[in-house]
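The lines below spell out each chain.
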Amino acid sequence: MVEKKERVVSRFWRLIKNSNIMKKIVCLLVAIVICSSAWAQDNNKERKFSFSIGYRAGFATSPCITRDIDGNKCINTIAPFHHFVSLDFNYAVSPKWEIGLATGINDTRLSFWSLPLYANAQFFFKDRTRGWFNYADLGTNMNLYGGFSMGALAGFGGGYRLYIADKFKMDFSLGYVFNHTYNQPTYQNAIQLGVALVF
């Protein structure tokens, strides 16, 4: 009786082994294992790319060139409130360094608007997920008021990154920015307070 059962089991195993069903099941199991492994590696892999939406506001001083009734040039210093909305795309080159490109809308002098395009770099004292950091910006401004013209943009400062979730953080910053945006030789110095949502 035992020998009969062993022969039945042996024949059944040979049937499964030689059938396409067995091959399909094995292939399916192998595919599941490979996909699961790849999914786990992807989840454990550190994200390199990020983007942020930010707003900076502050006090700015700008020399303004005007003409008197005799046609002579006059340079007056005005002190408007500065606004800057930014969109940054960054790449992590190391756990402590991020570099990227950014653009936005820059309110440089009262109702005078410009479109900045600049490169930026951030150095984090702990790591790029949280903690204190320094930053630097360098690029150009494209004037959107009274005809097209271009000028320089440069800035630097520091801040703190608040960790909320793996894909959501907040940056708080304080810094200086230099803007030059017009055909006439005017420029702007601004001290900015900023906040940004990092995804």
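Let me begin by describing the structure that accompanies this report. (Residues numbered from 1 in each chain as written. Predicted model: local features only at pLDDT ≥ 70, side-chain atom pairs only at ≥ 80, totals over all residues. Heavy atoms only, no water.)

Thoughts on the overall build of the protein chain
(1) Moving on: A tally of helices and strands in the protein chain yields two helices and nine strands.
(2) Moving on: A burial count over the protein chain gives 33% of its 199 residues as buried.
(3) Moving on: Residue pairs in contact within the protein chain that sit at least 24 positions apart in sequence constitute 53% of those at least 6 positions apart.
(4) Moving on: Of the accessible surface of the protein chain, which amounts to about 12,800 Å², a share of 69% is contributed by carbon and sulfur atoms. (Helix = DSSP H or I, 4+ residues; strand = E, 2+ residues; numbered from the N terminus. Buried < 20%, exposed > 50% of the residue type's maximum accessible area, 1.4 Å probe, protein only. Contact = heavy atoms within 4.5 Å. Areas by Shrake-Rupley, 256 points an atom, 1.4 Å probe, with all protein chains shown as cover.)

Some points on the side chain of Ser173
(1) Moving on: Relative to the helices and strands, Ser173 resides in strand β8 (residues 168-179).
(2) Moving on: On the accessibility criterion, Ser173 (15% relative accessible area) is buried.

Some points on the packing of aromatic side chains
(1) Moving on: All chains considered together, the criterion is met by nine aromatic pairs.
(2) Moving on: Taken together, Phe51, Phe168 and Phe199 form an aromatic cluster joined through their ring pairs.
(3) Moving on: Its guanidinium or amino end placed over the ring of Tyr163, Arg130 lies 4.1 Å from that ring's centre, counting from NZ or CZ. (Phe/Tyr/Trp six-rings, centres within 6.5 Å; stacked < 30°, edge-to-face > 60°. Lys NZ or Arg CZ within 6 Å of the ring centre and 35° of its normal.)

Quick word on empty space enclosed by the protein
(1) Moving on: Within the structure shown, the criterion is met by two cavities of 30 Å³ or more.
(2) Moving on: By volume, the largest cavity amounts to about 270 Å³.
(3) Moving on: Surrounding the largest cavity, 23 residues form its lining, Arg56, Asp88, Gln122, Asp171 and Ala196 being those nearest its centre.
(4) Moving on: At seven residues, the largest contribution of residues to the lining of the largest cavity is made by strand β1 (residues 49-67).
(5) Moving on: When the residues that make up the lining of the largest cavity are grouped by side-chain class, the tally is eight nonpolar, nine polar and six charged. (1 Å grid on protein atoms, 1.4 Å probe; cavity = no way out; pocket = protein on both sides within 12 Å on 5 of 7 lines; lining within 4 Å. Points joined across faces, edges and corners; volume = space filled by probe spheres on them. Nonpolar A, V, L, I, M, F, W, Y, C, P; charged D, E, K, R; others polar.)

Side note on the side chain of Gln122
(1) Moving on: When you line up the elements, Gln122 lands in strand β5 (residues 112-124).
(2) Moving on: Given a relative accessible area of 11%, Gln122 falls into the buried group.
(3) Moving on: With sequence-adjacent residues up to four places away left out, Gln122 is seen in contact with Asn90, Lys96, Trp97, Glu98, Phe133, Asn134, Tyr135, Arg161 and Asp171.

Topic: the pairing of β8
(1) Moving on: Sheet topology note: the strand β7 (residues 150-165)/β8 ladder contains 12 bridges and is antiparallel. Residue pairing across strands places Gly155 opposite Val177, the latter belonging to β8.
(2) Moving on: What sits between the antiparallel neighbours β7 and β8 is a turn of two residues.
(3) Moving on: Bridge count between β8 and strand β9 (residues 188-198): 11 bridges; the pairing is antiparallel. Looking at the pairing, Phe178 lines up with Asn189 of β9. (Pairing = 2+ DSSP bridges.)

By themselves these figures say nothing about function.
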